[in-house]
Each structure stands twice: as C-alpha cells, then as structure tokens.
Amino acid sequence: MKYSLMHPCAWLFMAICLFFSLPACATRTPTDKRPEAAVKGETKVLVAYMTWSGHLRTLAEWVADESKGELFRILTVNPYPESYTEAIMRSKEELNNNTLPELATHIPPEIMAKYNTIYIGFPIWWYDVPMPVRTFAKEYDFAGKKIIPFFSHQGTSDGGQSAKTLKAIFPKSEVVSDMLSIRGTKAKDSEAAVRAWVKKQK
Ligand SMILES: Cc1cc2nc3c(=O)[nH]c(=O)nc-3n(C[C@H](O)[C@H](O)[C@H](O)COP(=O)(O)O)c2cc1C
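Source: prediction; values computed, not measured.

Q: Even after reading the chapter, I still don't get the overall build of the protein chain, so can you show me in this structure?
A: The secondary structure content of the protein chain amounts to seven helices and six strands. When its helices and strands are written in sequence order, the protein chain yields α-β-α-β-α-α-β-α-β-α-β-β-α. Counting only residues that meet the buried cut, the protein chain has 35% of its 202 residues in that class. In the protein chain, of all internal contacts separated by at least 6 residues, the share reaching a separation of at least 24 is 80%.

And the structure:
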C-alpha cells in the first residue's frame, strides 16, 4: 500500500521552506538589490554585508554609523531570485556543490589594504554563511585583519555552522567570537542592541 506519492526528501524540503518562510512572511521587505556607493578607504573600518530582503542593510547602516566604518555591499553578478522558494533552491544547490558565485561589487586592493577591522554582516542561509560571503573572503588578503561578524536569522539564533565556517574562510585573521545575532523580523527594532554591541567591539 502506498502512503505517499512524494519522496521523503521532498517532504523535508517543503517543511524547511515552511519553517523559514512563515514567520518572515508578515514583515519581510521586498528583495533588495541596491548597491552602495564606492568605498574610499578613508577610515580603518569596513562594514561589508550581504542581504537578500533588506534586514542586513538596516543593521549594517547602524554598524557603520557607530563604528565610523565605510559600507560595502556584497552583490552577485547573477542576482538571487525574487521568489523565496527559488532563492532557497539556488542557495542550497550552491552550498551542496560548494559553488562560489561571482561577485558584481569589488574593492580595489590598495583600498582594502587600508582597513584593519572588517565587520561582516550576512543572513543565515541553510544554518550557515551564504556562499557570496565566501567568494568575498577568497577575493582579498585579510591577513592580520580583525573580522567582526554579525548576522540575522529566522530561528537559527546561534548562527548554526557560521562560526566554524568564518574561521575556515578567514584563516589568517582574528575572527571575533562575540557575533551579533538578530532575528530578521526584529531587525527594525534593534538599533540600541546593534549600537551597544559595536561599542563593545572597540
Ligand atoms: C535562502 C535562504 C535560506 C535561509 N536559511 C535560514 C536558516 O538556515 N536559518 C534561519 O534561521 N533563517 C534562514 N533564512 C532566513 C533569513 O536568515 C532571515 O530572514 C534573515 O533575516 C534575512 O536577512 P536579509 O533580509 O538581510 O536577507 C533563510 C532565508 C533565505 C532566503
């Protein structure tokens, strides 16, 4: 007797999509594709971030303001789909195949050399650091720089595998373990928490 027409993995995939999408649906902003202005290397602090639906942009702006850092957005040549399900599928495929998507935004090496502290902001994707952040980590020489991670999530509040992954992708840097974790749906109400955390990093 047949109980299910679908492969068990398909059920699991649907359950995971539902888990991440339901709480976020109500407040999620539309997919955000705006780039930042070019960085100039006029301070020693860079705030590099990636976002799909905009929460990280909100957080990164406060981080940059409080740290007097310059904002840089990590964008891919091939943008992630507007559709949540399609974004979920593409990101899973990239993670499984260890694909590093090509980036559309870059920092000239002589400007990157001026920063000694890099805040790095990202949404948790599949319990881990999204692949574009890994492309970014591979593109520059971060030797001796301090990496301070912050992320938003929709349930994976401890960042899942992120801490381990960040140590692996920034092998020559000091990766700060006091990561800032903000629930995406609370991002807009977290200015005080973000600023307090940045103050602790100085
Ligand atoms: C492709 C994809 C995968 C996700 N995977 C997770 C996850 O594993 N754990 C989690 O808590 N949230 C997950 N989320 C939810 C996002 O981390 C969360 O909504 C975050 O606040 C989005 O930030 P953003 O608006 O800057 O893109 C995922 C979202 C997307 C689009």
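Q: Sorry, what's going on with the site of the ligand here?
A: Contacts to the ligand come from 22 residues, most closely from His55, Leu56, Pro123, Thr156 and Gly184. Looking at the shell around the ligand, the elements with two or more residues in it are helix H1 (8-25), helix H2 (55-67), helix H3 (84-97) and strand S4 (146-153). A total of three residues in the shell around the ligand trace back to one element, the largest contributor, which is H3. The residue inventory of the shell around the ligand, partitioned by class, reads 11 nonpolar, 11 polar and no charged.

Q: Explain the packing of H2 against helix H7 (residues 191-201) to me, please; I cannot follow it from the model alone.
A: Any two packed helices are characterised by the angle at which their axes cross and by the distance between the axes. Viewed as axis vectors pointing N to C, H2 and H7 meet at an angle of 40 degrees, and their least axial separation amounts to 9 Å. Judged by the angle between their axes, H2 and H7 are oblique. Seen along the crossing, H2 lies across H7 with a hand that is right-handed. Of the residues in H7, those touching H2 at Leu59, Trp62, Val63, Glu66 and Ser67 are Glu191, Val194, Arg195, Val198 and Lys199.

Q: How do you make sense of the pairing of strand S3 (residues 117-123) when you look at a structure like this?
A: For a regular strand, the rule is simple: side chains alternate between the two faces of the sheet. Burial analysis of S3 places six of its seven residues in the buried class, which makes it a mostly covered element. Bridge count for strand S1 (residues 45-49) against S3 is five bridges, and the pairing is parallel. Among the inter-strand pairings, valine 47 is bridged to a residue of S3, identified as tyrosine 119. Taken together, the seven bridges between S3 and S4 define a ladder with parallel strand orientation. Bridge pairing in S4 places isoleucine 120 opposite proline 149. For the crossover that starts at S3, traverses helix H5 (residues 131-139) and ends in the parallel S4, the hand is right-handed.

Q: When you look at the pairing of strand S6 (residues 180-183) in this model, what are you seeing that I'm missing?
A: With burial as the criterion, only one face of S6 is covered, namely that bearing Leu180 and Ile182; the residues Ser181 and Arg183 on the opposite face remain uncovered. Pairing geometry for S4 and S6, over four bridges, is parallel. Residue pairing across strands places serine 152 opposite isoleucine 182, the latter belonging to S6.

Q: It is not clear to me how the confidence of the model for the protein chain should be interpreted in this structure. Could you clarify?
A: Detailed reading of the predicted coordinates is not advisable wherever pLDDT falls low. Confidence along the protein chain averages 90 in pLDDT terms, with 85% of residues attaining 70 or more. Contacts from residues 1-5, a stretch scored under 50 in pLDDT, to residues over four places away or in other chains number zero contacts. Considering only residues more than four positions removed or in separate chains, one finds that residues 22-28, a stretch of pLDDT under 50, has seven contacts.

Q: Even after reading the chapter, I still don't get H7, so can you show me in this structure?
A: Residues that lie three or four places apart on an α-helix share one face, since the helix turns once every 3.6 residues. Inspection of H7 places Val194, Trp197 and Val198 among the buried residues, and these make up the whole buried set. Each buried residue of H7 lies within a common arc of 100 degrees when the element is viewed along its axis, so the set occupies one face. Opposite the buried face of H7, by more than 90 degrees, sit the exposed residues Ala192, Ala196, Lys199 and Lys200. The elements touched by buried residues of H7 are H2 and S6.

Q: Help me understand unusual backbone geometry in this model?
A: Note on backbone geometry: most residues besides glycine have negative phi, and most peptide bonds are trans. Although it is not a glycine, asparagine 98 adopts a positive phi angle of roughly 55 degrees. Within the fold, asparagine 98 resides in the loop between H3 and helix H4 (109-112). The backbone of tryptophan 126 shows a phi angle near 55 degrees, a positive value even though the residue is not glycine. Inspection of the secondary structure assignment puts tryptophan 126 in the loop between S3 and H5.

Thresholds, definitions, all that
- Here, residues in each chain are numbered from 1, in the same order as that chain's written sequence.
- Reporting in this predicted model follows two pLDDT cut-offs: at least 70 for local features of residues, and 80 or more for side-chain atom pairs to be given and counted; totals over whole chains, interfaces and linings ignore these cut-offs and use all residues.
- Think of it this way: any DSSP run of H or I at least four residues long counts as a helix, any run of E at least two long counts as a strand, and we number them from the N terminus.
- Think of it as a crowd count around each C-beta: if 20 or more other C-beta atoms lie within 10 Å the residue is buried, if 12 or fewer it is exposed, and in between it is partly exposed, with C-beta placed from the backbone throughout.
- Throughout, a residue-residue contact means that the two C-beta atoms, derived from backbone geometry, are no farther apart than 7 Å.
- Near, as applied to residues and a molecule or strand, means the residue's backbone-placed C-beta atom lies within 6 Å of it.
- Polar here means any residue outside two lists: the nonpolar Ala, Val, Leu, Ile, Met, Phe, Trp, Tyr, Cys and Pro, and the charged Asp, Glu, Lys and Arg; Gly therefore counts as polar.
- Only the stretch in contact is used when fitting a helix axis, every axis being a line fitted to C-alpha atoms; angles between N-to-C directions are given from 0 to 180 degrees.
- For classification, angles of less than 35 degrees are called roughly parallel, those exceeding 145 degrees roughly antiparallel, those between 65 and 115 degrees roughly perpendicular, and all remaining angles oblique.
- Crossings are assigned a handedness: left-handed for a near helix turned anticlockwise from the far helix by less than a right angle, right-handed for a clockwise turn.
- Two strands are said to pair when DSSP picks up at least two bridges between them.
- Here the term right-handed applies to a crossover when the path leading from its first strand over the helix to its second strand runs clockwise, the strands being oriented away from the viewer.
- pLDDT gives the predictor's per-residue confidence on a scale running from 0 to 100.
- Directions pointing from the helix axis toward each C-beta atom define the arc.

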